[in-house]
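# A structural walkthrough
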Amino acid sequence: MKPLRVLLTDDEPLIRAGLRLILDGAPDIEIVGEAGDGESAVRLAAQLHPDVVLMDIRMPVLSGIGATERITALATPPRVIVLTSFDTDDFILSALRAGASGFLLKDTAPEVLVSAVRDAAQDSLRFSPAVLKRIVAAAAAVPPPSARVPDTRLEVLSEREREVAEAVARGLTNTEISSELFVSVATVKTHIANAFTKLDVTNRVQLAVTVLEALRSAEAK
């Protein structure tokens, strides 16, 4: 089996060195490059075709959010995990809207970081309770749409698709959703895929943010 190819992006050399030290210890992960700014990250992602990019948010030349948006728009985009200190919640939502598959605290335990890279490559990154709390808090901090322009995005979903989407927004796995709604895991996956298409999102994190924003808009009416 080929190792997972990872591109490290952070403007702090010491942070990149620490990430390399952690990931080099995993036999199934290969560091294929490093970038110190967002513009370099975009260029290297296009050249090196990594499976996963670890992306800092605050960087010179081009921010991590801008770089993520451009990287996820590539013909064969890698998964992007944003590394953040959660100092600005607006950055979190912006990164997710840009196409990030997930995000981690910079003080994440080494074994969690390694697992996150593996999970992201399989598009199965899961929220931890702490991360989900931050997403909910960030979504709640976003001003709701005008009452004259209600958020009707969830209306395109069937009743079951909406139930599944809301369960994803609560951080449940496919297996947990299957048990809660008494349907098969395959059915859950089908509903999630349908929700992705109808809501024009590409991953579970973006789906969760969309659901949270829409529900908050409904509560604000």
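Presented here is a report on the structure given in the accompanying data block. Here the residue index of a chain counts from 1 through its sequence in written order. A pLDDT threshold of at least 70 governs which residues receive local features in this predicted model, and a stricter bar of 80 or more applies before side-chain atom pairs are shown or counted, although totals over entire chains, interfaces and linings include all residues. Each side-chain value is derived from all of the structure's non-hydrogen atoms; neither hydrogens nor water enter the calculation.

### Quick notes on the nonpolar core
Nonpolar cores were defined as sets of buried Ala, Val, Leu, Ile, Met, Phe, Trp, Tyr and Cys residues, with membership established by side-chain atoms within 4.5 Å. In this scheme, a residue with accessible area under 20% of its type's maximum is buried, one over 50% is exposed, and one in between is partly exposed, where area comes from a 1.4 Å probe on protein chains only. Counting residues in hydrophobic clusters, the biggest one holds 25 residues, and the most contacted among them are M55, I71, V80, V82 and L96. Going through the elements one at a time, α2 (38-48), β3 (52-56), α3 (64-71), β4 (79-84), α4 (89-97) and α10 (204-220) are the ones with two or more residues in this core. For L96, the contacting residues outside a window of four places in its chain are F103, V205, Q206 and V209. L154, L157, A169 and L181 belong to the second largest nonpolar core, which has 22 residues in total. Helix numbering and strand numbering both begin at the N terminus, where a helix is a DSSP run of H or I of at least 4 residues and a strand a DSSP run of E of at least 2. Residue contacts are counted whenever heavy atoms from the two residues lie within 4.5 Å of one another.

### What about the packing of helix α1 (residues 13-24) against helix α5 (residues 110-121)?
When two helices pack together, their arrangement is given by the angle between the helix axes and the distance between those axes. Closest axis-to-axis distance for the α1/α5 pair is 10 Å, and the angle between their directions is 75°. Looking at the two axes, α1 sits roughly perpendicular to α5. Seen from α1, the contacting residues are L19, I22 and L23; seen from α5, they are P110, L113, V114 and V117. Lines fitted to the C-alpha atoms define the axes, with helices restricted to the stretch that makes contact. Angles between their N-to-C directions range from 0 to 180 degrees. Oblique is the label for any angle not under 35 degrees, not over 145, and not in the 65 to 115 range, which are roughly parallel, roughly antiparallel and roughly perpendicular in turn.

### Looking at the sheet that holds strand β5 (residues 102-105)
Reading across from one edge, β2-β1-β3-β4-β5 is the order of the five strands in this open sheet, with parallel pairing throughout. Two strands bound the open sheet, and with one partner strand each, they are β2 (29-35) and β5. The mean inter-strand angle of the sheet, taken between neighbouring strand axes irrespective of direction, is 25°. Here the rule is simple: two strands pair whenever DSSP picks up at least two bridges between them. Alignment of β4 against β5, held across four bridges, turns out to be parallel. Note that in β5 the partner of L83 across the bridge is L104.

### A word on the pattern of salt bridges
By convention in these notes, a salt bridge is any Lys or Arg side-chain nitrogen within 4 Å of a carboxyl oxygen on Asp or Glu. Throughout the structure, instances matching the rule amount to 10 salt bridges. The residue D24 makes a salt bridge to R20 at a minimum N-O spacing of 4.0 Å. Highlighted residues: D24 and R20, both in helix α1, separated by four residues, approximately one helical turn. Residue classification places D24 among the partly exposed positions, given a relative accessible area of 45%. For R118, the salt bridge is made with D28, and the minimal N-O distance between the two is 2.8 Å. Taken together, the residues span a long stretch of sequence, with R118 in helix α5 and D28 in the loop between α1 and β2 at a distance of 90 residues. According to the relative accessible area criterion, R118 is partly exposed, its value standing at 32%. Within this structure, R16, R20, D24 and E34 form a network of salt bridges that share partners.

### Some details on helix α7 (residues 159-169)
Every buried residue belonging to α7 is among E161, V164, A165, A167, V168 and A169, and all of these are buried. Taken from the residues just after α7, G171 is the one with a positive phi, measuring 90°.

### Focus: the side chain of D56
Turning to its location among the elements, D56 is positioned in strand β3. Relative accessible area serves as the criterion here: at 6%, D56 is assigned to the buried category. Among the polar contacts made by the side chain of D56, one reaches the side chain of K106 at a distance of 3.1 Å. Look past the residues within four positions of D56 in its chain and what remains in contact with it is T9, D10, D11, G64, L83 and K106. Nitrogen and oxygen atoms within 3.5 Å of one another constitute a polar contact, given that in protein one can donate a hydrogen and the other can accept it, and given that sequence-neighbouring residues count only through two side-chain atoms.

### Overview of the pairing of β4
Of all six residues in β4, five are buried, a share of seventy percent or more. Sheet topology places β3 next to β4; five bridges connect them, and they run parallel. In the strand pairing of β4, V52 is matched with R79. Here the term right-handed applies to a crossover when the path leading from its first strand over the helix to its second strand runs clockwise, the strands being oriented away from the viewer. As a crossover connection, the stretch from β3 through α3 into β4 is right-handed.

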